[in-house]
Amino acid sequence: MSVSSKNLWRFLCAAAAIVLTAAALNFVVDPLQLFRPARLLPAMYSADSRMQDAGLIRSQDFDTVFMGTSLAIHFRQSDIDRALGVRSLKLSMTGSNSREQGFVLTAAMERRPKRVIWQMDDWIFRDAPEIDSDIYVPADLYRRNIRGIGGYLFSGAMARESWWIAARAIPPLEPIVARLTNGVMFKFPISRVDDINALRPDFDVAGFYNANSAVAAFRRITDPARSHSIAEGYNYEAMVRGFERDAIALIESNPNVTFDIYFAPYSILHFVAMRDASPATLKMAYDLTAYAFPRLLQFPNVRLHDFRDVKEVTHDLGNYGDVIHHSPAIDLKILSWLAERKYVVARGAPLASLERLKAQIEAYKVQP
């Protein structure tokens, strides 16, 4: 064998050893906890919900799944458990559409939860790509197929995370590594599952959620130069297709699971913006509710809650950071309403809350 052949052989052997070492490190540390709950090393979690949820579904004990968008991202599992007497798993994903939510919920159903609490709105049913074309959802990790597991084990980026998680478990290194694993440099900076995407205790709630913020957001989205964005994603036929494909199909295929579906208490300004700047979009929102509510209530395993006409909250603009996102105090109110079943939509009058909401929107006058 020539010298050059020997060098090439050594190089290939060294490369293979590095790759196998990285795979072994990823398997042992298992940052996502895809193979087992964390035992050898302290668990660490990522704020990237679309990736982290694949591991949470496999590693956590739960009887209730909590799903939603950014409106449901800051809830704490401990609050959900305390308010509803359940053992919950929060799988909410910021900006998620119903195809993503349905896919993740289907994976969670393999663990046989008894209950799903699902924050819905019309916007999640916008047209969305096939899940395998969605660059933000690592679909094969949820499927746990060869491609998904192989990509996870042989990922250099994941090996870096594994190394930092292992280093953080060494007491003398823990303070130093903790300062570095701050979510900017590394993907797994959170040490308690309850803290995933929850607001930090030092977050300036009053500074973020206040009437000035809500009104400023209203002025911004109704500015003629930007108001076209209100209609983005709204297509009635596509939304009905998404609703049937992602919500109804999941409910039909899981008759033994109770679905508590709630429509979040947007500020009244959200709908007034539609009324003033894009009335056709508001009509689509009305039409989708008129279609979806009776359809959902055909299923005995569905409890439907509509919070959109709860005037004491939706007209108090101090509850909001913009026209839709409400404060943590409203998170807790929602949990109490769910526990009390205070705003359950009656099966005999599925559109009563919609009619009340329409009247509120029509009557509301924006302060100059």
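The rules behind each value
- Residues numbered from 1 in each chain as written.
- Predicted model: local features only at pLDDT ≥ 70, side-chain atom pairs only at ≥ 80, totals over all residues.
- Heavy atoms only, no water.
- Core = buried A, V, L, I, M, F, W, Y, C linked by side-chain atoms within 4.5 Å.
- Buried < 20%, exposed > 50% of the residue type's maximum accessible area, 1.4 Å probe, protein only.
- Helix = DSSP H or I, 4+ residues; strand = E, 2+ residues; numbered from the N terminus.
- Contact = heavy atoms within 4.5 Å.
- Pairing = 2+ DSSP bridges.
- Phe/Tyr/Trp six-rings, centres within 6.5 Å; stacked < 30°, edge-to-face > 60°.
- Axes fitted to C-alpha atoms, helices over the stretch in contact; angles between N-to-C directions.
- Salt bridge = Lys/Arg side-chain N within 4 Å of Asp/Glu carboxyl O.
- Expected span 1.5 Å × (residues − 1).
- Polar contact = N/O pair within 3.5 Å; in protein donor to acceptor, adjacent residues only side chain to side chain.

Colleague: Any chance you could explain the nonpolar core here in plain terms?
Modeller: For soluble globular proteins, the rule of thumb is that nonpolar side chains tend to be buried together. The biggest cluster of nonpolar side chains holds 103 residues, and the ones touching the most others in it are Leu91, Trp118, Phe259, Ile261 and Tyr262. It is helix H13 (residues 279-296) that provides the largest number of residues to this core, a total of eight residues. Apart from residues no more than four positions distant in its own chain, Phe259 is found in contact with Met109, Val116, Trp118, Leu250, Ile251, Asn254, Asn301, Val302 and Arg303.

Colleague: Help me understand the pairing of strand E5 (residues 302-306) in this model?
Modeller: A regular strand carries its side chains on alternate faces of the sheet. With four of five residues buried, E5 lies mostly within the body of the structure. For strand E4 (residues 258-263) and E5, the ladder comprises five bridges, and the chain directions are parallel. Within E5, the residue paired with Phe263 across the bridge is Asp306.

Colleague: For this particular structure, what's the right way to read the packing of aromatic side chains?
Modeller: Two numbers describe a pair of aromatic rings. These are the distance of the centres and the angle of the planes. Across all of its chains, the model carries 15 aromatic pairs by this definition. Ring geometry for Phe27 and Phe35: centres 5.1 Å apart, planes at 45°, overall tilted. For Phe35, a relative accessible area of 28% gives the class partly exposed. Ring plane angle 85° and centroid distance 5.2 Å describe the contact between Trp337 and Tyr343, whose orientation is recorded as edge-to-face. Comparing Trp337 with Tyr343 shows no difference in burial state: the two are buried.

Colleague: Where do I start with the sheet that holds E5 in this structure?
Modeller: In a beta sheet, neighbouring strands pair by backbone hydrogen bonds and run either parallel or antiparallel. What the five strands build is an open sheet, ordered E2-E1-E3-E4-E5; its pairing is parallel. The strands lining the two open edges of the sheet, one partner per strand, are strand E2 (88-90) and E5. Between one strand axis and the next, the sheet turns by 15° as a mean value, whatever way the strands run. Judged from the three bridges that link them, strand E1 (residues 64-67) and E2 form a sheet pairing that is parallel. Across the sheet, Phe66 pairs through a bridge with Lys90, a residue of E2.

Colleague: Explanation requested: the pattern of salt bridges in the structure shown.
Modeller: Pairing of side chains with opposite charge becomes possible as their charged atoms draw close. Summed over all chains, the structure comprises 23 salt bridges. The residue Asp260 makes a salt bridge to Arg303 at a minimum N-O spacing of 2.8 Å. Of this pair, Asp260 sits in strand E4 while Arg303 sits in strand E5, and the two are 43 residues apart along the sequence. Since its relative accessible area comes to 1%, Asp260 is described here as buried. Because the salt bridges share partners, they merge into one network encompassing Arg76, Arg192, Asp194 and Asp195.

Colleague: What is the right way to look at helix H11 (residues 236-252) in this model?
Modeller: Each α-helix winds once per 3.6 residues, and so residues spaced three or four apart point in a common direction. Here H11 is 17 residues long and its end C-alpha atoms lie 22 Å apart, about the 24 Å a rise of 1.5 Å per residue gives. Buried-residue contacts for H11 involve helix H4 (98-109), strand E3 (115-120), E4, H13 and E5. The opening residue of H11, the one whose side-chain oxygen lies 3.2 Å from the backbone nitrogen of Glu237, is Asn235.

Colleague: What is the right way to read the pairing of E3 from this model?
Modeller: Within E3, six of the six residues are buried, which leaves the element mostly enclosed by the surrounding structure. Taking every second residue as pointing to the same face, both faces of E3 are buried, with Arg115, Ile117 and Gln119 on one and Val116, Trp118 and Met120 on the other. Strand direction decides the pairing type here: E1 and E3, joined by four bridges, are parallel. Looking across to E3, one finds that Phe66 is bridged to Ile117. Sheet topology places E3 next to E4; six bridges connect them, and they run parallel. Across the sheet, Gln119 pairs through a bridge with Tyr262, a residue of E4.

Coordinates in, geometry out; function isn't part of it.
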